[in-house]
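# Fold and geometry: a report
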Amino acid sequence: MTKKRIALKIVRRVGICILTTVVLLLIGLFGVVRIMEFGPSKTARNLFVNSAMESSAGGILVTLFFSDEEIARIRAINSIQKTDEVTDSSLISDTTILTQEEKSMIEVIDIEKDTYRGKMMIVRDPSRVMVGTSGEYGKSCKGKKVSEIAESYGAIAATNAGGFRDAGGVGTGGEPDGLVISEGRLKWGSLGTTYGIIGIDNNNVLVVGDMTAQAALDRGVRDAVSFGPVLVVNGEAVEVNGSGSGLNPRTAIGQREDGSILLVVIDGRQVNSLGASYSDVIELMLEYGAVNAANLDGGSSSLMYYNGEYINSCASMYGPRDLPTTIIVK
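The notes below deal with the structure included here.

What counts and how
- Residues numbered from 1 in each chain as written.
- Predicted model: local features only at pLDDT ≥ 70, side-chain atom pairs only at ≥ 80, totals over all residues.
- Heavy atoms only, no water.
- Phe/Tyr/Trp six-rings, centres within 6.5 Å; stacked < 30°, edge-to-face > 60°.
- Helix = DSSP H or I, 4+ residues; strand = E, 2+ residues; numbered from the N terminus.
- Salt bridge = Lys/Arg side-chain N within 4 Å of Asp/Glu carboxyl O.
- Buried < 20%, exposed > 50% of the residue type's maximum accessible area, 1.4 Å probe, protein only.
- Pairing = 2+ DSSP bridges.
- Axes fitted to C-alpha atoms, helices over the stretch in contact; angles between N-to-C directions.

## Examining the packing of aromatic side chains
In this structure the tally under the stated criterion is 2 aromatic pairs. For the ring pair Tyr-137 and Trp-188, a centre distance of 5.9 Å and an interplane angle of 85° mean the geometry is edge-to-face. Of this pair, Tyr-137 sits in the loop between β3 (129–133) and α6 (146–153) while Trp-188 sits in strand β6 (residues 185–188), and the two are 51 residues apart along the sequence.

Here is the structure:
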C-alpha cells in the first residue's frame, strides 16, 4: 500500500470518528432538551429555558424545541419587575471627608454560594470609580478587553460594564447598546432618548433608574452606561417573580449608605459555578449593605481585573471579549 493510500485511509478514519462524535453529541443534546421539555421537573425545565435565553447560542437552541408562546410564559413567571423609582441621593453619606487611609481602601472578598462562586470588590472611595471606554464607537470600530481599557487609564481594577450590539454572539464591541457617559461627556446615545441609567454623579452617588441622557447630564451624572435591570433602589429590593432569571455569569454594581461602591462578578457556565439568578444577586447586594444596585452586562463578558490580572474565571472558551465600556477603579 502506497503512502498516499495510507494517508487517505487515516484521514477517512479520523473524519468518521469526528462525525460520529458530533452526531452522538447532537443526539445527547437533543435527548437532554427533550427530557427538560417533557420530563418530571418543571423547575428544571424553566431554569434551563431562562438560562439559555440569556445567551445568544443557548437562545437559538431553546427556540428549536419550544414555541414562542411557551418561552414567553416560562420567562414571565421568572422575571423581575421594572421600577419607576430613581436614586434618592440624600440616602448616601458625604464621602468628601474620608481620610487618606479610607480613600486607599479596596477589599476583595471570595463569594461562595450554593450554585455559584464569584468576587466582591468593595471600594471605600467612590470618587475613584468611573466608566472607562475603548475609544471611538461605530460599526467599523472594535472594542477592547477589560484589562486593556484598565491599563489605558492606569486603573488598578476594572469590571465589564454596559451592553453592546452582539448579534449572534459575534459582536466586536465597537457599538454600545444604550448610552455611554464618561468624565462628564456623552460618548454614545441621544440627548432626548430615555435609557436605563447606571451611573455615578458629581457627588459620587450611584444613580440608577430611567431618564433621558439630557436629564442625566443635568443631574450631574459624570459616568454612566445602560443595562439593567435595577436590583435595589433606595434601600428596597425590586419585586421578583420566581428566581427572576436563569443561572448565568453576572456582573453588578451597588453602593452602600456610607458611599462605598460594591462591584460583583459571578462565575457561571462552569462545573463548580453554574451561575446566579437575579434573586441571588439581589440577596448578595443586600447582604453587603447595598442601598442602590443594578445589573450590568453578564455572560461571557463578566470579568474582574485587579492588580494586573483577571481574578475570576472567564465563561468564554475564547477568552476575554472585546467590549466598549468598563467600570474602572483608579
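## Topic: the pattern of salt bridges
According to the stated counting rule, one finds 13 salt bridges in the structure shown. The salt bridge involving Lys-113 is made with Glu-287; its shortest N-O contact spans 3.0 Å. Of the two residues, Lys-113 sits in the loop between β1 (106–112) and β2 (117–123) while Glu-287 sits in helix α8 (residues 278–287), which places them 174 residues apart along the sequence. Taking the relative accessible area as the measure of exposure, Lys-113 reaches 34% and is therefore partly exposed. Glu-287 sits in the partly exposed class, given a relative accessible area of 46%. Through salt bridges with shared partners, a single ionic network connects Arg-45, Glu-70 and Arg-73.

## Considering the sheet that holds strand β5 (residues 180–182)
Taken together, the 5 strands give an open sheet; going across it, the order is β6-β5-β9-β7-β8, and neighbouring strands pair in antiparallel fashion. Across the chains shown, the open sheet's two edge strands, defined by having one partner strand only, are β6 and β8 (206–212). Pairwise comparison of adjacent strand axes, ignoring direction, gives a mean angle of 35° for this sheet. Alignment of β5 against β6, held across 3 bridges, turns out to be antiparallel. Bridge pairing in β6 places Ser-182 opposite Arg-185.

By themselves these figures say nothing about function.
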